[in-house]
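The primary structure of each chain is shown beneath.
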Amino acid sequence: VTAVIPGRSKEILRDRPCNLRDKNGRIWCWFFPGLISKHRQRQLTTAILLLSDNSRKGLQIGLESGSNWRVNQKLYRPAHLCSAKIGAVCYSPCWYEQGRGPPDASTGPSLSLVNDPDALQFLRDTQEVAALLGAILSLIHPALFAQGMELMKTLYKNPHDLRYPDLVLDTLAIWASPFTALSIISNRSTPMHHNTLGGMNCFDAVMSWGEYENGRFKIPAAGMTFRYDSGTTIYLDTQTFRHGASAVVGECFCFVLFFRPSML
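Under the annotation held in an unreviewed UniProt entry, the protein carries the name 2OGFeDO JBP1/TET oxygenase domain-containing protein and is attributed to Coprinellus micaceus. UniProt annotates the protein under Cofactor (unreviewed entry) with the comment "Fe(2+)".

A. Structural context of helix 4 (residues 127–140). An ideal rise of 1.5 Å per residue puts 20 Å on 14 residues; helix 4 measures up with 20 Å between its terminal C-alpha atoms. Residues Val129, Ala130, Leu133, Gly134, Ile136, Leu137 and Ile140 constitute the buried set of helix 4. Each buried residue of helix 4 lies within a common arc of 155° when the element is viewed along its axis, so the set occupies one face. Where helix 4 is buried, its residues contact strand 4 (27–32), helix 1 (38–54), helix 5 (142–157), strand 10 (204–213), strand 13 (233–236) and strand 15 (249–258).

B. Structural detail: the pairing of strand 12 (residues 224–227). Where strand 11 (residues 216–219) and strand 12 come together, 4 bridges link them in antiparallel fashion. Its bridge partner lying in strand 12, lysine 218 is registered against threonine 225. Counted along the chain from strand 11 to the antiparallel partner strand 12, the turn is 4 residues long, and its residue glycine 223 has a positive phi close to 65°.

C. Main features of the sheet that holds strand 12. Within the open sheet, the 4 strands sit side by side as 9-14-11-12. Their pairing is antiparallel. Strands at the two margins of the open sheet, each flanked by one partner only, are strand 9 (190–193) and strand 12. Taking the axes of each pair of neighbouring strands and ignoring which way they run, one obtains an average angle of 15° across the sheet. Where strand 9 and strand 14 (residues 243–245) come together, 2 bridges link them in antiparallel fashion.

D. Representation of the packing of helix 4 against helix 5 in the model. It is the contact of helix 4 with helix 5, at a shortest axis distance of 5 Å, that shows an interaxial angle of 130°. The orientation of helix 4 with respect to helix 5, classified from their angle, is oblique. Taking contact as the criterion, the partners of Gly134, Leu137, Ser138, Leu139 and Ile140 in helix 4 are, on helix 5, Pro142, Leu144 and Phe145.

Analysis parameters
- Residues numbered from 1 in each chain as written.
- Predicted model: local features only at pLDDT ≥ 70, side-chain atom pairs only at ≥ 80, totals over all residues.
- Heavy atoms only, no water.
- UniProt positions renumbered as here; feature names shortened; annotations may be inferred.
- Helix = DSSP H or I, 4+ residues; strand = E, 2+ residues; numbered from the N terminus.
- Expected span 1.5 Å × (residues − 1).
- Buried < 20%, exposed > 50% of the residue type's maximum accessible area, 1.4 Å probe, protein only.
- Arc of directions from axis to C-beta.
- Contact = heavy atoms within 4.5 Å.
- Pairing = 2+ DSSP bridges.
- Axes fitted to C-alpha atoms, helices over the stretch in contact; angles between N-to-C directions.
- Parallel < 35°, antiparallel > 145°, perpendicular 65-115°, else oblique.

Okay, here's the thing in structure tokens:
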């Protein structure tokens with residue numbers, strides 16, 4: 001069990017595959033250390049470097065003051081120490097504007113896809129990992145996997161009521177998972193937070209990779225800290241449970257697949 005033992009300064013880390021359950025036996029977290037192979041990690045690194053080099057938009061960064069914490073400069077590693085551009089970006093083949101649901105907004109692809117022609121190439125380059133993470137969801141939460149896939153089929157069959165229907169179809173043709181959105185984060189620590197736009201009882205898939213040391217992923221409600229080594233993947237109900245990833249020594253990237261419940 002991960003805990004800080006009174007009177008001792010050394011932290012005990014959870015570092016073996018496990019799941020966490022509530023008192024009724026419902027699983028709300030899965031921990032898979034080393035899930036993504038070194039070969040697939042290299043594929044991801046190549047993809048993010050190409051995005052950094054070629055994209056006019058791609059990874060975004062804000063100022064230290066007045067910015068959403070997700071793009072706040074103070075949480076990122078200094079740019080001169082990184083091989084890839086620092087920042088974050090989110091892609092979705094179709095969602096409600098500003099994360100809202102009906103009847104307040106229309107549906108369509110994320111603006112990160114509309115404004116960046118290089119984004120589709122990034123999705124092609126990361127298809128294999130996205131498909132793998134989606135396939136694992138089919139084993140640990142079959143009903144959620146089926147619901148996500150049904151949504152993708154519905155969008156594909158009925159694109160013409162959406163904004164940018166041709167772009168929706170082009171994106172769905174290479175979208176390789178049941179999740180409704182994908183975030184890429186380059187060289188940022190993540191403070192404790194809830195994903196307020198996420199879905200209760202939905203699993204998000206959070207995967208980290210890179211050349212770094214001392215990765216730690218914390219879930220305070222469980223009293224646990226997980227060893228967050230390169231290639232580790234965590235499936236978690238991120239709306240219900242606060243979580244965060246501390247700064248690391250080295251260069252670290254994060255690949256997050258998640259659901260917008262308004263779309264489901």
